[in-house]
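Given next are the chains, with one letter for each unit.
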Amino acid sequence: LRIEITAKRMTVEESPCLHLMVRDNGPGFSEELLDRLNTMDWNEDTGGHVGLKNVIRRFQLIYSGETHIMFYNSQGAVVEMFVPIGSHMQTEEEHP
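*Asks:* Whenever I open this one, the pairing of strand 2 (residues 15-24) confuses me. Can you help?
*Replies:* A regular strand places its side chains on the two faces of the sheet in alternate fashion. The pairing of strand 1 (residues 3-12) with strand 2 spans 10 bridges and is classified as antiparallel. When the bridges of strand 2 are listed, Ile5 appears paired with Val22. A loop of two residues connects strand 1 with strand 2, the two strands running antiparallel in sequence, and Glu13 in this loop sits at a positive phi of about 50 degrees. When strand 2 meets strand 4 (residues 77-84), the two strands line up antiparallel, connected through seven bridges. For Leu20, the partnering residue across the bridge sits in strand 4 and is Met81.

What follows is the structure in structure tokens.
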């Protein structure tokens, strides 16, 4: 199994953002799991995916809900996240 993590700065809809991607070359997500991940309300306490929920909730809190995340398969599992850069970012003093 090979895991690749990339981060790059880009512009989406005229706003600077950080594009984070984690992908592997494994069997990918099951269709059922993909459906759940892509339609999940991350603020709802439904049990399961606790670590993932925690990461997404923290990003939403720090970046005022402007973080976008996608889950899909492409020669393995892929998770992409777009995080705003610039005036939307808050300092570590505001969110330790």
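*Asks:* Looking at this model, I keep getting lost on the packing of aromatic side chains. Mind explaining?
*Replies:* Ring pairs (aromatic) are described by centroid distance and by the angle formed between their planes. Taken as a whole and judged by the stated rule, the model has two aromatic pairs. With a centroid separation of 6.1 Å and an interplanar angle of 80 degrees, the aromatic rings of Phe29 and Phe71 are classed as edge-to-face. With a gap of 42 residues between them, Phe29 in the loop between strand 2 and helix 1 (31-39) and Phe71 in strand 3 (residues 68-73) connect regions that are remote in the sequence. For the pair Phe29 and Phe71, one class covers both residues: buried. Centre to centre, the rings of Phe59 and Tyr63 are 5.9 Å apart; their planes meet at 20 degrees, and the pair counts as stacked. Look at Phe59 and you get partly exposed, because its relative accessible area is 21%.

*Asks:* Explain the environment of His68 to me, please; I cannot follow it from the model alone.
*Replies:* Relative to the elements of secondary structure, His68 occurs in strand 3. Between the alpha carbons of His68 and Val83 there is a distance of 6.9 Å; along the sequence they are 15 residues apart. Not counting chain neighbours up to four residues away, the residues in contact with His68 comprise Glu80, Met81 and Phe82.

*Asks:* Would you take a moment to explain the confidence of the model for the protein chain for this structure?
*Replies:* Residues shown with low pLDDT carry predicted positions that ought not to be read at fine detail. With 86% of its residues at a pLDDT of at least 70, the protein chain reaches an overall mean of 83. Confidence, read as mean pLDDT per element, is least for helix 2 (residues 50-62) in the protein chain (82) and greatest for strand 1 (94). Low pLDDT, under 50, characterises residues 88-92; the stretch is placed with nine contacts to residues that sit more than four places away or in other chains.

*Asks:* So what exactly am I meant to see when it comes to the side chain of Thr67 here?
*Replies:* Mapped onto the elements of the fold, Thr67 is located in the loop between helix 2 and strand 3. With relative accessibility at 11%, the residue Thr67 sits in the buried group. Residue contacts for Thr67: discarding those within four places in its chain leaves Phe59, Gln60, Met81, Phe82, Val83 and Pro84.

Rules behind the numbers
- Residues numbered from 1 in each chain as written.
- Predicted model: local features only at pLDDT ≥ 70, side-chain atom pairs only at ≥ 80, totals over all residues.
- Heavy atoms only, no water.
- Pairing = 2+ DSSP bridges.
- Helix = DSSP H or I, 4+ residues; strand = E, 2+ residues; numbered from the N terminus.
- Phe/Tyr/Trp six-rings, centres within 6.5 Å; stacked < 30°, edge-to-face > 60°.
- Buried < 20%, exposed > 50% of the residue type's maximum accessible area, 1.4 Å probe, protein only.
- Contact = heavy atoms within 4.5 Å.
- pLDDT = per-residue confidence, 0-100.

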